[in-house]
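# Secondary and tertiary structure notes
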Amino acid sequence: MDVIHTIEALQARLRIAGPVAFVPTMGNLHAGHLALVRNAREHGNCVVVSIFVNPLQFGPAEDFQTYPRTLDADCAQLEQAGADVVFAPSVAEMYPTPQQIEIVPPPIAGELCGAFRPGHFQGVTTVVAKLFNIVQPAVALFGKKDYQQLFVIRAMVRELNFPLRIIGAETLRAEDGLALSSRNGYLSAQDRQEAPRLYRVLRNIVGQLKSGARDYAGLEGTARQALESNGWRVDYVSVRDASTLLPPAGKVNQYVVLGAAWLGATRLIDNIEVSIDSVGPV
Ligand code: PAF
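Residues numbered from 1 in each chain as written. Predicted model: local features only at pLDDT ≥ 70, side-chain atom pairs only at ≥ 80, totals over all residues. Heavy atoms only, no water.

### Remarks on the site of the ligand
Convention followed: Throughout, near means a residue has at least one heavy atom within 4 Å of the molecule or strand. As used in this structure description, the phrase polar contact means that two N or O atoms lie within 3.5 Å; if the pair is within protein, one of them must be able to donate a hydrogen and the other to accept it, and residues adjacent in sequence are counted only when both atoms belong to side chains. Accessibility throughout is a Shrake-Rupley quantity obtained with a 1.4 Å probe, and a residue counts as covered only by protein chains that appear here. Amino acids outside the nonpolar list (Ala, Val, Leu, Ile, Met, Phe, Trp, Tyr, Cys, Pro) and the charged list (Asp, Glu, Lys, Arg) are all regarded as polar, and Gly is one of them.
Taken together, the residues surrounding the ligand are Pro24, Thr25, Met26, Gln57, Val127, Phe142 and Gln149. One nitrogen or oxygen atom from the side chain of glutamine 57 is found 2.6 Å from an oxygen atom belonging to the ligand. In the environment of the ligand, an oxygen atom lies 2.7 Å from a nitrogen or oxygen atom belonging to the side chain of glutamine 149. When isolated, the ligand has an accessible area of 290 Å², and the protein chains bury 88% of it. Across the shell around the ligand, the residue classes break down as four nonpolar, three polar and no charged.

Shown next as structure tokens:
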């Protein structure tokens, strides 16, 4: 596996590599990222993983400075998982001059997480567009845990005709249901015990939707209360139409139930897709 820090060296390495399957990350990798890498193996000759903590997507009060940088440990895991190339550029390599051209995401990027993290998705679309141009992959893989991010990136690829295919991969969970996330490492032992409640309240909504409940505001309010009464600060719990990410209107076949909430200084997000005519345990 090659660890490459410059665009020039990366492009020289990829010139003879064949179709690339690309996994963009910010590092501090966990089993969810490694599953994406293994999945990527099935979609290209050469698996490229980028590790770049992108300043454009962090707000001024967010954790850009403290976001864990664990390149050596990440590379050891990526080698095991079968990556061929790690692209780990510096901020100066990605932004040699202040970035004046940015990709404006669609209006849905101003809702849900975007309502609480102004500018976040514009930072994501801009860096992902740059990475796509640098790496020129045939396929790129993103986790469904960042559901709104995946939705916005799919829209960007479609509307700007990027010549690649996007694959969304299922969220990996700990045994108690907590979605794997780099930010779980911020949780105190006590908060780690509490953290799976977010998934439980979302599952509860899913169960009720499957039983025919359609009072979305009521479902959201009950979930919010269940979190708040256990010490959470809730940004949102929201039932959405998965095809548009908008609030459901009329008949909906596929919902997604999303939540974002804080435990102490850690913001957790999670979501569950719901096919209304699907059967089986939620
Ligand atoms: O999901 C992430 O890790 C980041 O938002 C991404 C897609 C690598 C862009 O910086």
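Text resumes after the structure shown.
### Remarks on unusual backbone geometry
Filter applied, for reference: Helix and strand assignments come from DSSP, with helices taken as H or I runs of at least 4 residues and strands as E runs of at least 2, each series counted from the N terminus. Buried residues are those whose accessible area, probed at 1.4 Å on protein chains only, stays under 20% of the maximum for their type, while exposed residues exceed 50% and partly exposed ones sit between those limits.
One non-glycine residue, asparagine 161, lies in the positive phi region at around 55°. Within the secondary structure layout, asparagine 161 lies in the loop between helix 7 (147-159) and strand 6 (165-169). Exposure remark for asparagine 161: the relative accessible area of 62% places this residue in the exposed category. The phi dihedral of leucine 245 falls on the positive side, at around 65°, and the residue is not glycine.

### Focus: the pairing of strand 9 (residues 266-275)
Inclusion rule: For two strands to be treated as a pair, DSSP must find no fewer than two bridges joining them.
Among the ten residues that make up strand 9, eight are buried, leaving the element largely enclosed by the rest of the structure. Of the strand pairs in this sheet, strand 8 (residues 254-263) and strand 9 are connected by ten bridges, and their pairing is antiparallel. Residue pairing for strand 9: alanine 261 is matched across the bridge by leucine 268.

### Describing the packing of aromatic side chains
The condition is simple: Pairs were defined over the aromatic rings of Phe, Tyr and Trp, the Trp ring being its six-membered one, requiring ring centres within 6.5 Å. Orientation was assigned from the angle between planes: stacked under 30 degrees, edge-to-face over 60, tilted for the rest. The criterion is that NZ of a Lys, or CZ of an Arg, lies within 6 Å of the ring centre and within 35 degrees of the ring normal, and then a charge sits over that ring.
Enumeration over the complete set of coordinates arrives at eight aromatic pairs. Considering the side-chain rings of tyrosine 216 and tyrosine 255, the 5.7 Å spacing of their centres and the 55° angle between planes classify their relative orientation as tilted. With tyrosine 216 in helix 10 (residues 216-228) and tyrosine 255 in strand 8, this pair connects stretches of sequence that are 39 residues apart. Comparing tyrosine 216 with tyrosine 255, the two get one shared label, buried. Ring pairing ties together the aromatic residues Phe22, Phe132, Phe142 and Phe162, which thus form one cluster. Lying across the ring of phenylalanine 64, arginine 69 places its NZ or CZ 4.8 Å from the centre. One Lys or Arg, arginine 173, reaches over the ring of tyrosine 199 and ends 3.7 Å from the middle of that ring.

### A look at the sheet that holds strand 9
The strands making up a sheet associate through hydrogen bonds between their backbones, and the pairing can be parallel or antiparallel. What counts, and what does not: For helices, the fitted axis covers only the stretch in contact; all axes are lines through C-alpha atoms, and the angles between them, taken along N-to-C directions, range from 0 to 180 degrees.
Ordered in space as 7-8-9, the three strands form an open sheet in which the pairing is antiparallel. Of all the strands in the sheet, just strand 7 (233-241) and strand 9 have a single pairing partner and so form its edges. If you compare each strand with its neighbour and ignore which way they point, the axes differ by 10° on average.

### Digging into the pattern of salt bridges
To keep things clear, this is the line we draw: Between Lys or Arg on one side and Asp or Glu on the other, a salt bridge is scored when a side-chain nitrogen of the former is within 4 Å of a carboxyl oxygen of the latter.
Counted under the stated rule, the structure contains 13 salt bridges. When the shortest N-O distance is used, the salt bridge between lysine 144 and glutamate 273 registers 3.0 Å. Of this pair, lysine 144 sits in the loop between strand 5 (139-143) and helix 7 while glutamate 273 sits in strand 9, and the two are 129 residues apart along the sequence. Since its relative accessible area comes to 14%, lysine 144 is described here as buried. Between glutamate 194 and arginine 197 there is a salt bridge, with the nearest N and O atoms lying 2.5 Å from each other. When salt bridges with common partners are traced through the structure, they connect Lys144, Glu170 and Glu273 into a single cluster.

### Brief notes about the sheet that holds strand 5
For clarity, the cut-off: Only heavy atoms enter the contact rule, under which two residues are in contact if any of them lie within 4.5 Å.
Reading across from one edge, 1-4-3-2-5-6 is the order of the six strands in this open sheet, with parallel pairing throughout. Two strands bound the open sheet, and with one partner strand each, they are strand 1 (2-4) and strand 6. Averaged over all neighbouring strand pairs, the angle between strand axes comes to 25°, with direction disregarded. With five bridges joining them, strand 5 and strand 6 adopt parallel strand pairing. Pairing of alanine 140 across the sheet is with isoleucine 166, part of strand 6. Taken strand by strand, helix 1 (residues 7-14) contacts strand 1, strand 2 (20-25), strand 3 (46-51) and strand 4 (85-87), and its axis lies near 155° from that of strand 4. Most of the contacts of helix 6 (residues 120-135) go to strand 2, to which it runs at about 150°, and overall it touches strand 2, strand 3, strand 4, strand 5 and strand 6.

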